[in-house]
Amino acid sequence: MTARVVLGVSGASGAALALDCARALRAAGAVVELVLSAMAERTLALEIGPAARGELVNLADRLHPVVDLGAAIASGSFPAQGMIVAPCSMRSLAAIAHGLDDTLLTRAASVQLKERRPLVLLAREAPLTLAHLRNMTAVTEMGAVVLPPVPAFYLRPETTAEITAQIAARAVDLLHIATPRARAWDPTEGPAP
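Residues numbered from 1 in each chain as written. Predicted model: local features only at pLDDT ≥ 70, side-chain atom pairs only at ≥ 80, totals over all residues. Heavy atoms only, no water.

### Considerations on helix α2 (residues 38-47)
Next up, step 1: Among the residues making up α2, those that are buried are Ala40, Thr43 and Leu44. Down the axis of α2, the sector holding all buried residues measures 105°, keeping them to one side. Exposed side chains of α2 directed beyond 90 degrees from the buried face belong to Ala38, Arg42 and Leu46.
Next up, step 2: In this fold, the buried residues of α2 make contact with β1 (4-9), α1 (15-27), β2 (31-36) and α3 (52-59).
Next up, step 3: In the segment just after α2, Gly49 is the residue with positive phi, at about 135°. (Buried < 20%, exposed > 50% of the residue type's maximum accessible area, 1.4 Å probe, protein only. Helix = DSSP H or I, 4+ residues; strand = E, 2+ residues; numbered from the N terminus. Arc of directions from axis to C-beta. Contact = heavy atoms within 4.5 Å.)

Here is the structure:
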């Protein structure tokens, strides 16, 4: 059975994470159901360039309008193996933490939680306020995984592209839909992490 995964992209900085998650999902053989917030579209253009949105949409099997709360991915009956939100803004995190299903992105995330499916949030902000930390605790208690896009420095990445690709691979690995693809720590290669 082919895995079907929802990829939500919010407006937080880190647009490259969205593209790398889409690439990693495709490499894992997943069908990608994409939903972009309005700010995600702006951030893609600002951080990567005007062609970024088109590249991301081309990596997806279907693009769902963020305002379409009647889309298939808004229902628990839709067969998905989980969802990644990359990057995940603090606004989206707060909405998910408090069940504010006001956009298709936050509704699709809530569906993953209610159906007990994997939900991986690449929460992107620094420093964090107490509200951010409490929202992270809330979504974790509900079953989500908060995966801040922190570089694996022990792998000695040489480029930002290596960093974002590794983080995306880790996010996809957390869905358990294919053989893990993230580079694992090897104690014979250098200092301990």
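Here the narrative resumes.
### Observations concerning helix α7 (residues 160-173)
Next up, step 1: Between the first and last C-alpha of α7 there are 20 Å, a value that for 14 residues agrees with the 20 Å anticipated at 1.5 Å per step.
Next up, step 2: Elements in contact with the buried residues of α7: α1, β4 (82-88) and β5 (119-123). (Expected span 1.5 Å × (residues − 1).)

### Regarding a nonpolar patch on the surface
Next up, step 1: A contiguous nonpolar surface patch, about 260 Å² in accessible area, is contributed by Leu128, Leu130 and Leu133.
Next up, step 2: By the element assignment, Leu133 lies in helix α6 (residues 130-141).
Next up, step 3: For Leu133, a relative accessible area of 40% puts it in the partly exposed group. (Patch = residues over 30% accessible without salt bridge, like charges linked within 9 Å, V, L, I, M, F, W, Y side chains within 5 Å. Areas by Shrake-Rupley, 256 points an atom, 1.4 Å probe, with all protein chains shown as cover. Salt bridge = Lys/Arg side-chain N within 4 Å of Asp/Glu carboxyl O.)

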